[in-house]
Protein chains: 2
Amino acid sequence: MVVRENFENSLQELQVKMEEMTQLTVESLEKAFNALKTQDVELALRVIEEDNEIDDLEEEINQLAIWLMVKEQPVARDLRKIIGAIKISSEVERIADFGVNIAKATIKIGSGNSLMNITSLEAMKNVCITMLNKALISFFDENMALAKEVGDMDDEVDEYSDVTYKQLTSHLCEKQEETNQLVQLLFVNRYLERTADHITNIAESAAYLIKGRKYDLN
Amino acid sequence: MVVRENFENSLQELQVKMEEMTQLTVESLEKAFNALKTQDVELALRVIEEDNEIDDLEEEINQLAIWLMVKEQPVARDLRKIIGAIKISSEVERIADFGVNIAKATIKIGSGNSLMNITSLEAMKNVCITMLNKALISFFDENMALAKEVGDMDDEVDEYSDVTYKQLTSHLCEKQEETNQLVQLLFVNRYLERTADHITNIAESAAYLIKGRKYDLN
């Protein structure tokens, strides 16, 4: 019984680290987007710097997971949970990279020209953050309905992305001096679309934990 | 001695799978680029389909690595080798995703308008493939000089990327009907730049194996 209790404690520790990593990633996306909206290059630079913390947490999660596998030799659902932790932290790290990419786009845009309206990009960012929180909860609570909701929301992001692509490209040649900004915003649009894809992978890891087999949410 | 021999055989098996995965990824990049160059949508679709094979190989490598860790409880260099295999296969999978992204850009470009000159993108692709092969060899042969070469070549790709970005954006507004093509080529430029970054991560995994500590090649 003590062994099992220790194992449960270690799993709990793994969960806490994953929650912390996700929280930092949400903050990174929010900050990167604020930097973009307010053309705040300083804030963008901070997002890039702070990404190290997220990378370190992924490393810690991997080490804890590997230590747990070596020590406890878990099987079935326990093993799926630990492998899920490794896979999910790798996806979260990729998502945080998109935060960094948005920050880099912000720096490339600079503050020379005022920014065009980016409400559709902001809406995508908001949907992504809701998705990310739901995907994590679906894994921790083993909630299949929530995992499916994430898959549906990915379609929503894809639709936004198509509309935004058309909008941005239609403005491309109106003002020569804003070409660079529009190209960077097209990149941001792409990053957010990919963010939603990686969040959907997290929900698929949750589905794999729950169902015990690969599950396609898209 | 038999135990060690079995372990060496398993490591060898891991290496063979990693080589196979890398080979398929190189083929995917080459095919995706040929599809782009010849505006061959059929070939692009095939690249997307065949990506499953690469994903499956990553899964196999992960399972073998986990099984090895649980069974052999390796330490020091042996453990670093196995963790390196997991990390590298994850990077190779990301690189293959860029092949898929290039294929998707090819489909979006379609065959309506003839393609502009893409020799600088092609040069980047070629450097990336040389880098990828070098990075893998640096890991398997524990060759630090080769790992450093990869880091230097990443700078080369970044320079190409800056030049290509300027070229493509300068053409953006010349012909309205080619805007979509140019935006997609800007994406391809970005994918290749990121490909080189992920290959540099592989070389850093090699450096970690060799030096036993984190090593920044950039």
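Refer to the structure above for everything that follows.
Residues numbered from 1 in each chain as written. Chains lettered and ligands numbered in written order. Predicted model: local features only at pLDDT ≥ 70, side-chain atom pairs only at ≥ 80, totals over all residues. Heavy atoms only, no water.

Trainee: Could you give me a rundown of the relation of the copies chain A and chain B, with the residues and numbers involved?
Mentor: Mapping chain A onto chain B leaves a residual RMSD of 0.0 Å; the transformation is a rotation of 180° accompanied by 0.0 Å of translation along its axis. Taken together, the rotation and translation describe the operation of a two-fold axis. The position closest to the rotation axis in chain A is occupied by the C-alpha of valine 70 of chain A, lying 2.3 Å away. (Least-squares fit on C-alpha atoms with pLDDT ≥ 70 in both.)

Trainee: Please set out the pattern of salt bridges residue by residue, giving values where relevant.
Mentor: Under the criterion given, the structure shown has 32 salt bridges over all chains. Measuring nitrogen to oxygen at the nearest pair gives 3.4 Å for the salt bridge that ties lysine 87 of chain A to glutamate 59 of chain B. One end of the pair, lysine 87 of chain A, is in helix 3 (residues 76–109); the other, glutamate 59 of chain B, is in helix 2 (residues 41–72), on a second chain. On the accessibility criterion, glutamate 59 of chain B (24% relative accessible area) is partly exposed. Lysine 125 of chain B serves as the salt-bridge partner of glutamate 30 of chain B, at 2.8 Å between the closest nitrogen and oxygen. Of this pair, glutamate 30 of chain B sits in helix 1 (residues 2–38) while lysine 125 of chain B sits in helix 4 (residues 119–140), placing them 95 residues apart in sequence. Take glutamate 30 of chain B: its relative accessible area is 29%, and that puts it in the partly exposed class. Judged by its relative accessible area of 6%, lysine 125 of chain B is buried. Residues joined in a network through salt bridges with shared partners are Glu93 and Asp97 of chain A together with Arg94, Arg194 and Asp197 of chain B. (Salt bridge = Lys/Arg side-chain N within 4 Å of Asp/Glu carboxyl O. Helix = DSSP H or I, 4+ residues; strand = E, 2+ residues; numbered from the N terminus. Buried < 20%, exposed > 50% of the residue type's maximum accessible area, 1.4 Å probe, protein only.)

Trainee: Residue-level account of the packing of aromatic side chains, with values.
Mentor: Applying the stated criterion across every chain yields a total of seven aromatic pairs over all chains. On the numbers, 6.0 Å between centres and 35° between planes, the contact of phenylalanine 98 of chain A with tyrosine 191 of chain A is tilted. Of the two residues, phenylalanine 98 of chain A is situated in helix 3 and tyrosine 191 of chain A in helix 6 (residues 179–211); the sequence distance between them amounts to 93 residues. Residue classification places tyrosine 191 of chain A among the buried positions, given a relative accessible area of 7%. A centroid spacing of 5.8 Å and a plane angle of 65° characterise the contact between phenylalanine 139 of chain A and phenylalanine 140 of chain A, whose relative ring orientation is edge-to-face. Both residues of the pair, phenylalanine 139 of chain A and phenylalanine 140 of chain A, belong to the buried class. Taken together through their ring pairs, the aromatic side chains of Phe98, Phe187 and Tyr191 of chain A together with Phe98, Phe187 and Tyr191 of chain B make up a single cluster. (Phe/Tyr/Trp six-rings, centres within 6.5 Å; stacked < 30°, edge-to-face > 60°.)

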